[in-house]
Amino acid sequence: MPAGPLHFITFEGGEGAGKSTQIRLLADTLLAAGHAVEVTREPGGTEGAEQIRKLLVEGGAGRWQAETEALLHFAARAEHLARIIRPALAAGKWVLCDRFADSTLAYQGYGQGLDLDWLWALRRHIVGATEPGLTVVMDLAVEKGLARAETQQRYERMGIDFHRRLGDGFRQLAAADPERCRIVDAARERAVIAADIVGLIHQRFGISL
Ligand code: TMP
C-alpha cells in the first residue's frame, strides 16, 4: 500500500447533496487516468451489509433504539471493511465510498443525540487504521437537499430539525479534522463541483487527473 493518506475517499453530507453523481464522475476520471477503482456505499457494500441496510432504511422512524441503530451501522461497516474496503486498498485500488463513519457521528450522534465519545470509541475499534485519506463533505441547505432526495425512506422522514442537527454535525466534524475533511459547496453546477474535487485530490495525494 502507498505511504501517506490511504487512497480511500469518502463522500458525506445530508440527503440529496449529489454524492452519488460526484462519485460516478470521479470514478470515471480516475479510470480514464489508468487507476483501478472500487465504488461502494454504506450502509451496504456486501451481501450481509446490504441486508443490514434494509433494516435501517426501511420502516418507521421509531423502529430502533438509537443505540441499536448505531451498532447496526457499525456491524455493516465491519463486514464492509473486512470484505471490500481493506482488500481493495491492498490490491492497489482507489476506494470511493458513498458515506462512512462520519455519517454515524452526524446522524446517530448529532442527529439522534447519542454520546459522541461512545461513537468515537466504536469508530476507533471498528475502523482502526482504515480511516479515509480524504473525506468530501457535500454541503447543501437542508430544505434543498430534502427536496432533491431520490428516496423517501426512513431517515428522510425524520424531520427537518433532525436534518439541521446532522448538517451542523458534518460541519463540526469537518472543522475538527481539516487535513482529512474538505467541505464542498454542493449548490453549484455538477461540473464545477467535480473540478473542485479533482483539485482536492491533487492537494491531498499529489496526483494530477
Ligand atoms: P443514502 O441515502 O445516502 O444511501 O444512505 C442511507 C441512509 O442511512 C441515509 O439516510 C443516512 C443513513 N446513515 C446513518 O444514519 N448512519 C450511517 O452511519 C450511515 C452510513 C448512513
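Refer to the preceding data block for the structure.
Residues numbered from 1 in each chain as written. Predicted model: local features only at pLDDT ≥ 70, side-chain atom pairs only at ≥ 80, totals over all residues. Heavy atoms only, no water.

A. Layout of the site of the ligand. Near the ligand lie 14 residues; those nearest to it are Glu15, Arg53, Arg99, Thr104 and Gln108. Between an oxygen atom of the ligand and a side-chain N or O atom of Arg77, the distance comes to 3.2 Å. Within the side chain of Arg99, a nitrogen or oxygen atom sits 2.7 Å from an oxygen atom of the ligand. In terms of residue count, helix α4 (residues 101–111) provides more of the shell around the ligand than any other element does, four residues in total. Taken together, the residues of the shell around the ligand sort by class into four nonpolar, four polar and six charged. (Near = heavy atom within 4 Å. Polar contact = N/O pair within 3.5 Å; in protein donor to acceptor, adjacent residues only side chain to side chain. Helix = DSSP H or I, 4+ residues; strand = E, 2+ residues; numbered from the N terminus. Nonpolar A, V, L, I, M, F, W, Y, C, P; charged D, E, K, R; others polar.)

B. Seen up close, the packing of α4 against helix α5 (residues 116–127). Two elements in contact, α4 and α5, have axes whose closest approach is 10 Å; the angle formed by their N-to-C orientations is 160°. Viewed along their axes, α4 and α5 adopt a mutual orientation that is roughly antiparallel. The crossing of α4 and α5 is right-handed. Across the interface between the two elements, Ala101, Asp102, Thr104, Leu105, Gln108, Gly109 and Tyr110 of α4 pack against Leu116, Leu119, Trp120, Arg123 and Val127 of α5. (Axes fitted to C-alpha atoms, helices over the stretch in contact; angles between N-to-C directions. Parallel < 35°, antiparallel > 145°, perpendicular 65-115°, else oblique. Left-handed = near helix turned anticlockwise from the far one by under 90°. Contact = heavy atoms within 4.5 Å.)

C. Main features of α5. For α5, with 12 residues, the first-to-last C-alpha span of 16 Å sits near the 16 Å given by 1.5 Å per residue. Those residues of α5 not exposed but buried are Leu119, Leu122, Arg123 and Val127. When α5 is viewed along its axis, its buried side chains cluster within an angular range of 105° and face the same direction. Exposed and facing more than 90 degrees away from the buried side of α5 are Asp117, Arg124 and His125. Where α5 is buried, its residues contact α3 (66–90) and α4. (Expected span 1.5 Å × (residues − 1). Buried < 20%, exposed > 50% of the residue type's maximum accessible area, 1.4 Å probe, protein only. Arc of directions from axis to C-beta.)

D. Layout of the side chain of Arg123. By the element assignment, Arg123 lies in helix α5. We classify Arg123 as buried; its relative accessible area is 0%.

E. How the structure looks around the sheet that holds strand β2 (residues 37–41). Strand order in this open sheet of five strands is β2-β3-β1-β4-β5, and the pairing throughout is parallel. Of all strands in the sheet, those with a lone pairing partner are β2 and β5 (181–185), marking the two edges. Direction aside, the axes of adjacent strands within the sheet are offset by 20° on average. One ladder, built from five bridges, connects strand β4 (residues 134–139) with β5; its direction is parallel. Bridge pairing in β5 links Val136 to Arg182. In the packing of helix α1 (residues 19–32) onto the sheet, the strands contacted are β1 (8–13), β2, β3 (94–98) and β4, and the crossing angle to β3 comes to about 170°. (Pairing = 2+ DSSP bridges.)

F. Fine view of the pattern of salt bridges. Evaluation of the coordinates by the stated rule reveals 15 salt bridges. Its salt-bridge partner being Glu69, residue Arg154 comes within 2.9 Å of it at the nearest N-O pair. Residue Arg154 is found in the loop between α6 (142–148) and α7 (160–176), and its partner Glu69 is found in helix α3; the two are separated by 85 residues along the sequence. Per residue, the accessibility class of Arg154 equals that of Glu69, and both read buried. Each of Asp102, Arg123, Glu131, Asp177 and Arg180 takes part in a single network of salt bridges with overlapping partners. (Salt bridge = Lys/Arg side-chain N within 4 Å of Asp/Glu carboxyl O.)

Distances and angles like these do not, on their own, reveal function.
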